[in-house]
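Spelled out from the first residue to the last, the chains are:
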Amino acid sequence: MTIDNQQNQDTKHPSLEERQRVGELSSGMGLGGLKQQKLDERYLRMARIWAENSYCVRRQVGALVVKDKMIISDGYNGTPTGFENICEDENNVSKPYVLHAEANAITKLARSNNNSDGATIYITASPCIECAKLIIQAGIKRVVYGEKYRLTDGIELLERAGIEVIFMDCDKVATDEKG
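As the structure is a prediction and not an experimental result, all values here were calculated from the model.

(A) Quick peek at the sheet that holds strand β1 (residues 62-67). Across the sheet, which stays open at both edges, the five strands sit in the order β2-β1-β3-β4-β5 with mixed pairing between neighbours. Either end of the sheet is taken by a strand with one partner, and the two such strands are β2 (70-76) and β5 (164-167). On average, each strand axis in the sheet is inclined to that of its neighbour by 15°, with strand direction left out of account. As paired elements, β1 and strand β3 (residues 120-123) share four bridges and run antiparallel to each other. Bridge pairing in β3 places Val66 opposite Thr120. Strand contacts of helix α3 (residues 101-110): β1, β2 and β3, with the helix running at about 130° to β2, the strand carrying the most contacts.

(B) Up close: the environment of Leu157. Relative to the helices and strands, Leu157 is located in helix α5 (residues 153-160). In this structure Leu157 comes out as partly exposed when scored by relative accessible area, which is 22%. Sequence-wise, Leu157 and Ile136 are 21 residues apart; in three dimensions their C-alpha atoms are separated by 8.9 Å. For Leu157, the residues in contact, after removing those within four places along its chain, are Ile129, Ala132, Lys133 and Ile136.

(C) Examining the pairing of strand β4 (residues 142-145) more closely. Side chains of β4 alternate between two faces, with Arg142 and Val144 and Val143 and Tyr145 buried alike. In this sheet, β4 lies alongside β3 in parallel orientation, the contact comprising four bridges. Opposite Ile123, over in β4, you have Tyr145 as the bridge partner. Between the parallel pair β3 and β4, the chain is carried across by helix α4 (residues 129-137), and the sense of this crossover is right-handed. As defined by bridge partners, β4 adjoins β5 across four bridges and the pair is classed as parallel. Counterpart to Arg142 in the pairing with β5 is Glu164. In the classification by handedness, the crossover that spans β4, the intervening α5 and the parallel β5 is right-handed.

Cut-offs and rules
- Residues numbered from 1 in each chain as written.
- Predicted model: local features only at pLDDT ≥ 70, side-chain atom pairs only at ≥ 80, totals over all residues.
- Heavy atoms only, no water.
- Pairing = 2+ DSSP bridges.
- Helix = DSSP H or I, 4+ residues; strand = E, 2+ residues; numbered from the N terminus.
- Axes fitted to C-alpha atoms, helices over the stretch in contact; angles between N-to-C directions.
- Contact = heavy atoms within 4.5 Å.
- Buried < 20%, exposed > 50% of the residue type's maximum accessible area, 1.4 Å probe, protein only.
- Right-handed = clockwise from strand over helix to strand, strands pointing away.

As C-alpha cells, then:
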C-alpha cells in the first residue's frame, strides 16, 4: 500500500527536475513521502516517551493514535483503571489482566467523541494478534511500530487485512534525530 498524502489543490507540486536536484527521488520517495517519514519518526519517538508512563518492569510499551496530524488517543501497557499499578507477579510474569498499549489507546477512543477510521497507530513494539484484531476493527489504516517481537502473527494479520504496516527501528529513529 502507499502513503496517501492529501494536499491542497492550489499547492504547486515541484517538477521532476526540482525533486532530483534536492535528491529526494534517490530514496524512492517524493516530497510527501519524506515529510510523512519525518512525521512517522517523530510520532514514534513520542510513543516511546509515552511508554515511560507504564509501571510494568519487564517491558514498557507506548501507543499513539493519530488522525489528520492530531493525536486523538494514547496508551501504554498497564493494569486496568482502579487496579494496583503492578504488572508482574512474584515470578516476574505479566499478570493476565495487564492491558497492552494498543488496547488501552483504542478503548480510550471508545470513551471519547473521536473515532479512528483511517487513522495511524504508532506503537513502540509490534502488535500481538489480539491487538491486531482490535486495530482492524477500529478502522485504523496504518501501523508504524518500532521493535520486532518474536511472534509475527499480529503483523501478518494486519497485512492480510490490507493495513499498511511500517517497521521503523526505535533505536535508529532515536539516534538519527540526535545526530
